[in-house]
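A closer look at the structure
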Amino acid sequence: MNENNLAEALRRRDEAAIALVMERYARLLWSAASRALGREAAAEDLEEIVADVFVYLWENPERFDPGRGKLKDWLAAIARSRAVDRRRQLLRLAAVPLEENTLAGELGLLEQILESDARQSLSSAVEALEEPDREIILRRYYRDEKPRAIARALGLSVKQVDNRLYRAKAKLRSSIQL
């Protein structure tokens with residue numbers, strides 16, 4: 001049965017036509033929905049999506065226009081759309097409302113916020129340091145260079161680098177009040 005004949009049979013609500021479509025395209029729809037739903041895809045969700053697509057076709061056969069494309073492509077697009085909707089629904093159900101500080105504290109969010117603020121303050125304080133102290137701090141604590149390598153790169157003695165590190169850390173502590 002070609003696309004036009006199949007479309008016409010579906011519009012007449014021919015049960016043999018819908019059975020043929022189900023037989024031909026169930027695996028395709030399952031695969032399309034599975035890819036769109038992702039790793040979280042439960043077999044029950046996939047079965048429901050595929051069934052929904054066939055119910056939609058049965059209830060709305062006039063929506064398919066064989067002049068615009070193939071039935072399998074149209075059904076696969078509907079399956080992907082339903083799967084994306086289901087994925088969004090699953091993500092909403094998994095979302096945790098953050099209405100109370102105690103819940104946020106239990107999730108470690110307060111600590112993350114405080115750490116983020118502390119990092120921002122530290123970054124600003126480092127940027128405020130004068131050269132070569134800023135360069136020494138960046139090389140030592142961000143690039144993990146040893147004082148000897150820093151001294152060579154900046155043309156300083158190791159003792160000068162150690163002293164500048166000590167004074168720069170003291171400035172940073174006082175400016176961000178750790």
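This is a predicted model, so every value here is computed, not measured. (Residues numbered from 1 in each chain as written. Predicted model: local features only at pLDDT ≥ 70, side-chain atom pairs only at ≥ 80, totals over all residues. Heavy atoms only, no water.)

Regarding the layout of surface pockets
The volume enclosed by the largest pocket comes to roughly 160 Å³. For the lining of the largest pocket, the secondary-structure elements that each account for two or more residues are α6 (109-128), α7 (133-142) and α9 (158-176). For the lining of the largest pocket, the per-class residue count stands at eight nonpolar, no polar and two charged. (1 Å grid on protein atoms, 1.4 Å probe; cavity = no way out; pocket = protein on both sides within 12 Å on 5 of 7 lines; lining within 4 Å. Points joined across faces, edges and corners; volume = space filled by probe spheres on them. Helix = DSSP H or I, 4+ residues; strand = E, 2+ residues; numbered from the N terminus. Nonpolar A, V, L, I, M, F, W, Y, C, P; charged D, E, K, R; others polar.)

Notes on the pattern of salt bridges
One pass over the structure, following the stated rule, counts twelve salt bridges. Measuring nitrogen to oxygen at the nearest pair gives 2.9 Å for the salt bridge that ties Asp-45 to Arg-86. With Asp-45 in helix α3 (residues 43-59) and Arg-86 in helix α4 (residues 71-94), the pair connects residues that are 41 residues apart, well separated along the chain. Linking Lys-171 and Asp-133 is a salt bridge whose minimum nitrogen-to-oxygen distance equals 3.8 Å. Taken together, the residues Lys-171 in helix α9 and Asp-133 in helix α7 connect sequence positions 38 residues apart. Residue class for Lys-171 comes out partly exposed when judged on its relative accessible area of 43%. Connected through shared salt-bridge partners, Glu-135, Arg-139, Arg-143 and Glu-145 make up one network. (Salt bridge = Lys/Arg side-chain N within 4 Å of Asp/Glu carboxyl O. Buried < 20%, exposed > 50% of the residue type's maximum accessible area, 1.4 Å probe, protein only.)

Looking at the packing of α7 against helix α8 (residues 147-154)
Their axes nearest at 10 Å, the elements α7 and α8 cross at an angle of 140°. Judged by the inter-axis angle, α7 sits oblique to α8. In this structure, α7 meets α8 at a crossing whose hand is right-handed. Where α7 approaches α8, its residues Glu-135, Ile-136, Arg-139 and Arg-140 are matched on the opposing element by Pro-147, Ile-150, Ala-153 and Leu-154. (Axes fitted to C-alpha atoms, helices over the stretch in contact; angles between N-to-C directions. Parallel < 35°, antiparallel > 145°, perpendicular 65-115°, else oblique. Left-handed = near helix turned anticlockwise from the far one by under 90°. Contact = heavy atoms within 4.5 Å.)

Details of the side chain of Arg-139
Relative to the helices and strands, Arg-139 resides in helix α7. Ignoring any residue separated from it by four or fewer positions in sequence, one finds Arg-139 in contact with Asp-144, Glu-145, Ile-150, Ala-153 and Leu-154.

Here we look at α7
What α7 keeps buried is the set Asp-133, Ile-136, Ile-137 and Arg-139. A positive phi of about 60° marks Asp-144, the residue just after α7.

Regarding the nonpolar core
Side chains of nonpolar character tend, in soluble globular proteins, to be buried together. Counting 21 residues, the largest nonpolar core has Leu-10, Val-21, Leu-29, Leu-57, Leu-71 and Leu-75 as the members making the most contacts within it. Residue assignment for this core shows that the elements contributing at least two residues are α1 (3-11), α2 (15-37), α3 and α4. Here the element with the most residues in this core is α2; it accounts for six residues. Setting aside anything within four residues of it in sequence, one finds Leu-71 in contact with Glu-3, Leu-6, Leu-10, Val-21, Tyr-25, Leu-57 and Phe-64. Counting residues in hydrophobic clusters, the runner-up holds twelve residues, among them Ile-136, Ile-137, Leu-165 and Leu-172. (Core = buried A, V, L, I, M, F, W, Y, C linked by side-chain atoms within 4.5 Å.)

Read these as layout, nothing more, since geometry by itself doesn't imply function.
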